[in-house]
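# Architecture at a glance
What follows is the residue order along each chain.
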Amino acid sequence: MAPTETTPPVLNHSITRLVPGDGGLPIVGYTLHSIADPIKFGRKRYERYGEISWANVFGIRMISMFGPDANQFVLQNRGDLFSNNQGWDFFIGKFFHRGIMLLDFEEHRHHRRIMQNAFKKPVLVQYLSEMNDPIERGIGLWRPQTGFHVFSAIKKLTLDLATEVFMGHHLGTEANKLNKAFIDTVRAGTSFVRFPIPGGRWKKGLDGRKLLEAFFHSKVSEKRVSTGNDLFSQLCRAETEDGEKFTDDDVVNHMIFLMMAAHDTTTITLCTMMYHLAKNPEWQNRLRSESRALGKDKLDHSDLEVLDGMTRVMKESLRMCSPVPSLPRRTVKDVVYKNTLIPKGSLLAVSPYFTHYMDEFWQFPDCFDPDRFSEARREDKVHPYAWVPFGGGAHMCIGLHFADMQVKAVLHQILLRYKWSVDPNYCMPVDMTSLPVPADKLPVKLDYI
């Protein structure tokens with residue numbers, strides 16, 4: 001059982017064992033296995049070694065911790081045992097330097113206190129009112145066709161929304177450069193060759209980061225004096241009751257991270273939902289009826305909690321494809337987990353992606369079943385850390401309510417205007433190179449209602 005708040009872990013070498021595991025293939029270790037099929041790879045490790053084991057991936061020794069108990073132990077981080085910064089730094093530190101997810105302990109709490117002002121309910125209400133028209137314009141450009149690429153269309157839409165709602169203006173021709181920069185920075189994190197070789201993913205990621213820094217720095221001065229309600233202006237003006245504010249560098253670092261998170265993770269969630277709604281037309285029709293019953297083309301904030309079917313489909317889609325599949329940490333002191341010693345300086349990760357497919361906690365986890373989240377079943381309540389697509393503890397995603405709102409606002413308008421389908425035998429391939437995205441861009445048959 002994970003330690004409680006009043007009983008932090010105590011190191012007792014007489015009751016510990018070393019972390020079991022094996023390195024895998026020479027040089028590459030298990031890198032290719034973990035990317036090609038993380039669920040299959042995780043199951044083999046779990047069956048062989050149990051909740052905790054080590055393997056060589058990406059040229060390093062990585063400890064994997066499986067299951068809700070491990071999630072709770074690591075994510076609650078009682079006693080500040082685990083460093084977010086030192087965990088994520090190996091993968092994305094060069095590209096998302098000092099974003100909110102890469103800060104630790106009191107510094108993280110300090111930045112989060114300031115940033116929370118930009119995600120309070122009155123501000124979210126304003127964000128929703130400002131994103132509804134851009135959603136309508138964006139999806140209004142879609143045309144019925146066979147082979148409509150959902151991923152490409154949704155990614156463009158969510159980037160446009162992020163720039164309009166987060167930055168307060170439409171980017172126009174700049175959008176393509178910024179979108180490429182975001183893609184390059186995200187993909188660079190899982191590069192096996194971690195040197196700036198011309199044409200390589202690592203070099204593209206570094207170049208993308210430079211472009212993003214230059215772009216956001218060029219806008220800070222005007223945002224400092226802006227009265228706009230966009231996130232960029234909110235971060236520039238945000239302060240605690242004691243008058244603490246973000247520096248220019250803080251604002252730029254947070255904007256780069258939040259812009260990536262706002263459109264990449266939302267894109268993945270919407271694509272997963274649209275895939276399952278295409279495969280399960282009875283659910284698509286159910287959600288369309290639910291949206292029609294509201295009697296309005298665009299959502300108000302008060303409508304969000306009424307869309308019960310959409311909430312279940314979103315939760316099930318997040319279970320089946322967690323947008324951030326693995327959460328790395330590094331130990332800053334010796335740690336004992338269930339009689340296993342994890343030495344100081346160890347790189348480890350918990351896996352929402354794997355946890356969500358554990359049949360110990362989920363009935364038929366490979367099957368799409370949104371009703372598992374109904375009040376009568378609530379499979380996610382079997383353990384407080386069984387469903388963790390937004391992480392947990394102090395580092396739980398600060399934008400989770402924004403994400404819920406944006407996904408529902410987009411899907412509501414799509415449901416009222418379009419229907420879509422795939423061949424019954426179609427199975428969406430997932431590219432796990434960085435974040436889990438449709439490898440074939442999710443081609444569907446799109447029609448007007």
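Computed from a predicted structure; not experimentally measured.

Helices and strands together make up the secondary structure of the protein chain, namely 15 helices and 13 strands. In terms of overall size, the protein chain behaves like a compact globule, its C-alpha atoms giving a radius of gyration of 22 Å where 449 residues would be expected to give roughly 22 Å. The principal-axis extents of the C-alpha atoms in the protein chain amount to approximately 65 × 55 × 50 Å. Evaluated residue by residue, the protein chain yields a buried proportion of 55% over its 449 residues. Sequence-distant contacts in the protein chain: of pairs separated by 6 or more residues, those separated by 24 or more amount to 73%. As presented, the protein chain carries roughly 19,300 Å² of accessible surface, and 54% of it is formed by carbon and sulfur atoms. Side-chain charges in the protein chain split into 56 positive and 52 negative, and the spacing between the mean points of these groups amounts to 4 Å.

Positionally, Phe402 belongs in helix 15 (residues 400-417). Spatially, the C-alpha atoms of Phe402 and Leu307 are 16 Å apart, while their sequence positions differ by 95 residues.

Let us look at the sheet that holds strand 4 (residues 82-83). Two strands in a sheet stick together by hydrogen bonds in their backbones, pointing the same way (parallel) or opposite ways (antiparallel). Spatially, 2-3-9-6-4 is the arrangement adopted by the five strands of the open sheet, whose pairing is mixed. A strand with exactly one partner marks an edge of an open sheet, and here the two such strands are strand 2 (52-57) and strand 4. For strand 2 and strand 3 (residues 60-65), the ladder comprises six bridges, and the chain directions are antiparallel. From the neighbouring strand, Trp54 faces strand 3, where its bridge partner is Ile63.

On to the packing of helix 6 (residues 121-140) against helix 7 (residues 150-167), then. Between helix 6 and helix 7, the least distance of the axes is 10 Å, while the angle of their chain directions is 145 degrees. You can see that helix 6 and helix 7 cross each other, and the crossing is right-handed. Contact residues: helix 6 offers Tyr127, Glu130, Met131, Pro134, Ile135, Arg137, Gly138 and Ile139, while helix 7 offers Leu157, Leu161, Glu164 and Val165. Here the residues of the contact of helix 6 with helix 7 sort into eight nonpolar, one polar and three charged.

This part is about helix 8 (residues 174-188). Helix length check: helix 8, at 15 residues, gives a terminal C-alpha distance of 21 Å against a target of 21 Å (1.5 Å per residue), a fit within 8%. Regarding helix 8, the residues found buried are Ala175, Leu178, Asn179, Ala181, Phe182, Asp184, Thr185, Val186 and Ala188. Considering only its buried residues, helix 8 is in contact with helix 7, helix 9 (201-224) and helix 11 (248-279).

Definitions and cut-offs
Residues numbered from 1 in each chain as written. Predicted model: local features only at pLDDT ≥ 70, side-chain atom pairs only at ≥ 80, totals over all residues. Heavy atoms only, no water. Helix = DSSP H or I, 4+ residues; strand = E, 2+ residues; numbered from the N terminus. Rg over C-alpha atoms; globule rule 2.2 N^0.38 Å. Buried < 20%, exposed > 50% of the residue type's maximum accessible area, 1.4 Å probe, protein only. Contact = heavy atoms within 4.5 Å. Areas by Shrake-Rupley, 256 points an atom, 1.4 Å probe, with all protein chains shown as cover. Lys, Arg positive; Asp, Glu negative; His and termini not counted. Charge placed at Lys NZ, Arg CZ, Asp CG, Glu CD. Pairing = 2+ DSSP bridges. Axes fitted to C-alpha atoms, helices over the stretch in contact; angles between N-to-C directions. Left-handed = near helix turned anticlockwise from the far one by under 90°. Nonpolar A, V, L, I, M, F, W, Y, C, P; charged D, E, K, R; others polar. Expected span 1.5 Å × (residues − 1).

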